[in-house]
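Each chain is listed here by its residues.
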Amino acid sequence: MYDMDQDQYDGEIDYMHQEDAWDRDLLLDPAWEKQQRKTFTAWCNSHLRKAGTQIDNIEEDFRDGLKLMLLLEVISGERLAKPERGKMRVHKISNVNKALDFIIGKGVKLVSIGAEEIVDGNAKMTLGMIWTIILRFAIQDISVEETSAKEGLLLWCQRKTAPYKNVNIQNFHISWKDGLGFCALIHRHRPELIDYGKLRKDDPMTNLNTAFDVAEKYLDIPKMLDAEDIVGTARPDEKAIMTYVSSFYHAFSGAQKAETAANRICKVLAVNQENEQLMEDYEKLASDLLEWIRRTIPWLENRLPENTMQAMQQKLEDFRDYRRQHKPPKVQEKCQLEINFNTLQTKLRLSNRPAFMPSEGKMVSDINNAWGSLEGAEKGYEEWLLNEIRRLERLDHLAEKFRQKAAIHEAWTEGKEAMLQKHDYETASLSEIKALLKKHEAFESDLAAHQDRVEQIAAIAQELNELDYYDSPSVNARCQKICDQWDALGALSQKRSEALQRTEKLLETIDQLYLEFAKRAAPFNNWMEGAMEDLQDTFIVHTIEEIQGLSTAHEQFKATLPEADKERQAILGIHNEIAKIVQTYHVNMAGTNPYTTINPQEVNAKWDKVRQLVPQRDQALIEEHARQQNNERLRRQFANQANVIGPWIQTKMEEIGRISIEMHGTLEDQLTHLRQYEKSIVNYKPKIDQLEGDHQLIQEALIFDNKHTNYTMEHIRVGWEQLLTTIARTINEIENQVLTRDAKGISQEQLNEYRASFNHFDRDHSGTLGAEEFKACLISLGFDIANDAQKRSGFMDAEDFKTCLISIGYNLGENEFSRIMSIVDPNRMGIVTFQGFIDFMSRETADTDTADQVVASFKVLAGDKNYILADELRRELPPDQAEYCMARMAPYTGPDGVPGALDYMSFSTALYGESDL
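The rules we used
- Residues numbered from 1 in each chain as written.
- Predicted model: local features only at pLDDT ≥ 70, side-chain atom pairs only at ≥ 80, totals over all residues.
- Heavy atoms only, no water.
- UniProt positions renumbered as here; feature names shortened; annotations may be inferred.
- Axes fitted to C-alpha atoms, helices over the stretch in contact; angles between N-to-C directions.
- Helix = DSSP H or I, 4+ residues; strand = E, 2+ residues; numbered from the N terminus.
- Parallel < 35°, antiparallel > 145°, perpendicular 65-115°, else oblique.
- Left-handed = near helix turned anticlockwise from the far one by under 90°.
- Contact = heavy atoms within 4.5 Å.
- Nonpolar A, V, L, I, M, F, W, Y, C, P; charged D, E, K, R; others polar.
- Salt bridge = Lys/Arg side-chain N within 4 Å of Asp/Glu carboxyl O.
- Buried < 20%, exposed > 50% of the residue type's maximum accessible area, 1.4 Å probe, protein only.
- Expected span 1.5 Å × (residues − 1).
- Core = buried A, V, L, I, M, F, W, Y, C linked by side-chain atoms within 4.5 Å.
- Polar contact = N/O pair within 3.5 Å; in protein donor to acceptor, adjacent residues only side chain to side chain.
- Phe/Tyr/Trp six-rings, centres within 6.5 Å; stacked < 30°, edge-to-face > 60°.
- Lys NZ or Arg CZ within 6 Å of the ring centre and 35° of its normal.

Where an unreviewed UniProt entry is consulted, the chain appears under the name Alpha-actinin-1 isoform X6, with the organism given as Cottoperca gobio. Note on the chain: under the UniProt heading Sequence similarities (unreviewed entry), the record states "Belongs to the alpha-actinin family."

In structure tokens form, the structure reads like this:
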């Protein structure tokens, strides 16, 4: 009997801690035992079949120890001690002990497992032993990211199944019940075997059978569990699951090893293929380069001279093309050849291959020798070319110099004879003549400067004759032609100079006359244009004074006309003198006066136009003077009426204001007085209409100002509309006060008392305002303060109203005053009108309906319910008022409500402003 503890042994991996050792297995759940028996049997057979055998009953077939030893030899790859072949119990115990000794030798300590229990067929002990073997040989070596055994296998499962939905591997029991974990492992490594997208988490039987069948058929993993056992067990056996999953791990890790081996072979072959390609490339590049060197050296060694400079220049150009275009690529090829050779040798050495030996004559040293021969031939060829070119240059130097100088001179003289024979000065102006003279002077200077070149050309021609140049006849003919042409140019230049100077003197005289004409014609022309512009100008005047000023200025202009006519005659005389000179000396005039564009015809035409416009201007001024007299009459007619109507409207506005504020008689007396005022105002309307008619005439006459009055028709209209509005509003206010008095039962004495209090605190009429404050007050009310007396405003601001309330007995805090202000000033304007003041005082002193009273009334109609129905409203109220209530009542939401119930309480409070409708 052997012992086994649960700690690590000699640094070995703890075999899954073996939770509670075998005392837990002694109480093994029957379902778990069944799963372990099937799983361990299948696992053992997956190895025993390699030896051509298998077991059928795990506790019976291992009793003699023979198949147990065989199993250990297969899974370890080692040979165990020779087994006993006897059939006796002692032989069996001996074989089992040999197997247990082997397990212990692998670093495993056994606890409570002895050979006798195995030989006796103890199922639980046998399963425990097989589990120990599985841990040691199938699970211990599993390692994933520094974790091993159970943790490593679990981490491997989690990593492989992480991308799959509905798979969450956390253990080796319930995480595998739905079968998706097994299917995910297979699909991750062999996706073509399972259509994972069609699997369902709620169909574990199909998932498990699919995974087990595919693993057995395609992965050579025996079926170690039944789907029914896993699904029918609340918690599948952890050891059985671990054993099954480890088979998947080893199956897929084996495939990975095969892939790694194939990759290694491919890598080795790829290196070898690359090296062979480099060898072939080297051989071809070396052959091509040597062949090019062989063809090029004879061309560089050719030293046959040429007879002409052109031929030698072509040879030099060919050599330059060789240096620029043909040789550089070959230099690059030679360099690349050496680089490829060194790279190839390095790769061969690093991959443990023998060094590369090129074909005979293609070593790097052979290529370097051939290249040295090429450069030697190249250097000698270049020196020969330069010497030959220098020799021919000496022979051709003089001839080329003659040709260059002759060509320059011929190019300079081209067109010069035609230029000197031109008669362009006959039609030129004075400025153009002066320019031609300066240009001719420059030409004569240039002609003198070219004398030296002509002498040099003749000297070079003489030297070429003396040296017996092969093309001397053509040189002599060209030199003679240049000398003859030079003599002709000198004679033509002298003749042109004399003609230019004679023409210049005549044109200077004419130019002075042109300038005089321009100086006098320009201001006279401007005067005529200005006069025509003034005479034709459409004037716009608005007063008699303006038109009289225009008439005076026109008379002054007419007085200047005789003197202007004398100036016109003098200007025309200058032009006649110019025409006389041109006719006498036959001067060919090339153009008009260069100093001005004005001509005598234009001067006469404009003068005639001025004479025609003067009487037209006279007539226009007379007509405008008559129109302005009529406009002045219209202004005075309108002003006389406006100066009466404007103050009348202002006075009536003030009188209406006093009637509405002052306390004279009863409200009925004030109302009667105001209606009389209204009638008198309406009767004044014909005068307003008459003023409108006068205003229409002014507009049609395009009169825009009136110095006789400050009133415009717009002012009159606005004042009239304000007057009608004010009288109507004031009558309405008195009528409202009558209604308030009668409705609230207020006596006339109370109204007088309220009015006296209000007037007392109406500070606009207290006499305490300064002049500027009083003025600002009137302007803010929209009145023209020039003649207005001070008026009461008819309302109080918030502070005045508060003081008034305190004076008549109210004890006000800030909250109470805010409440009162919300009643009298609902628009939050910060002022209190007298009508608002009366309403508030009547509300405080009179008996009025309240929201509670209306609620009580509705409750009577509703039969004492907290809600009311539409039928009850139609039955008790007039149709229009019933519809009004139903349209505004909110649905009733109380617990005692019924369908169609309406909330009359919130409706009643809203009527009095205590809530919102």
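At a closest axis distance of 9 Å, the pairing of helix α30 (residues 851–861) and helix α33 (residues 904–911) adopts a crossing angle of 150°. Classed by the angle they form, the pair α30 and α33 counts as roughly antiparallel. Handedness of the crossing formed by α30 with α33: right-handed. Residue-level inspection shows A851, V854, V855, F858 and K859 of α30 in contact with α33, the latter providing Y904, M905, F907, S908 and T909. Looking at side-chain class alone, the contact of α30 with α33 contains 7 nonpolar, 2 polar and 1 charged residues.

With that out of the way, let us pick up the pattern of salt bridges. Counted under the stated rule, the structure contains 51 salt bridges. Residues E410 and R478 are paired through a salt bridge, measuring 2.9 Å at the closest nitrogen-oxygen approach. Taken together, the residues span a long stretch of sequence, with E410 in helix α14 (residues 364–413) and R478 in helix α18 (residues 472–536) at a distance of 68 residues. Residue E410 is classed as partly exposed on the basis of its relative accessible area of 28%. The residue K652 makes a salt bridge to E655 at a minimum N-O spacing of 3.7 Å. Here K652 and its partner E655 are both found in helix α21 (residues 600–661), 3 residues apart, which amounts to about one turn of the helix. Considered together, K652 and E655 belong to a single accessibility category, that of buried residues. Put simply, R323, K327, E375, E378 and E382 are held in one network by salt bridges that share partners.

In this section: helix α2 (residues 30–48). Here α2 contains 19 residues, and its C-alpha end-to-end distance of 26 Å stays within 8% of the 27 Å for a straight helix at 1.5 Å per residue. The buried count for α2 comes to 14 of 19 residues, which makes it a mostly enclosed element.

The next thing to look at is the nonpolar core. In this structure, I133 and F182 are the most contacted members of the largest nonpolar core, which totals 77 residues. Top element by residues in this core is helix α7 (residues 123–139). It accounts for 11 residues. Contact partners of F182, with chain neighbours within four places excluded, come to W176, L208, A211, F212, I241, Y244, V245 and F248.

Inspection of the secondary structure puts S246 in helix α12 (residues 238–300). S246 gets classed as buried once you look at its relative accessible area, which sits at 0%. Separated by 93 residues in the primary sequence, S246 and L153 place their C-alpha atoms 7.2 Å from one another. With residues near it in sequence (within four places) discarded, S246 still touches A138, I139, I142 and L153. A distance of 2.6 Å separates a polar side-chain atom of S246 from the backbone oxygen of T243.

Overall, the coordinates contain 34 aromatic pairs when judged by the stated rule. Here the aromatic rings of F858 and Y904 are separated by 5.9 Å at their centres, their planes lie at 25°, and the arrangement is stacked. Here Y904 lies in helix α33 and F858 lies in helix α30, a separation of 46 residues in the sequence. Each residue in the set F172, W176, F182, F212, Y244, F248 and F252 is aromatic and connected to the rest through ring pairs, giving one cluster. The ring of F137 carries the charged tip of R136 above its face, separated from the ring centre by 5.2 Å. Above the face of the W412 ring, K416 is positioned so that its terminal group lies 4.9 Å from the ring centre.

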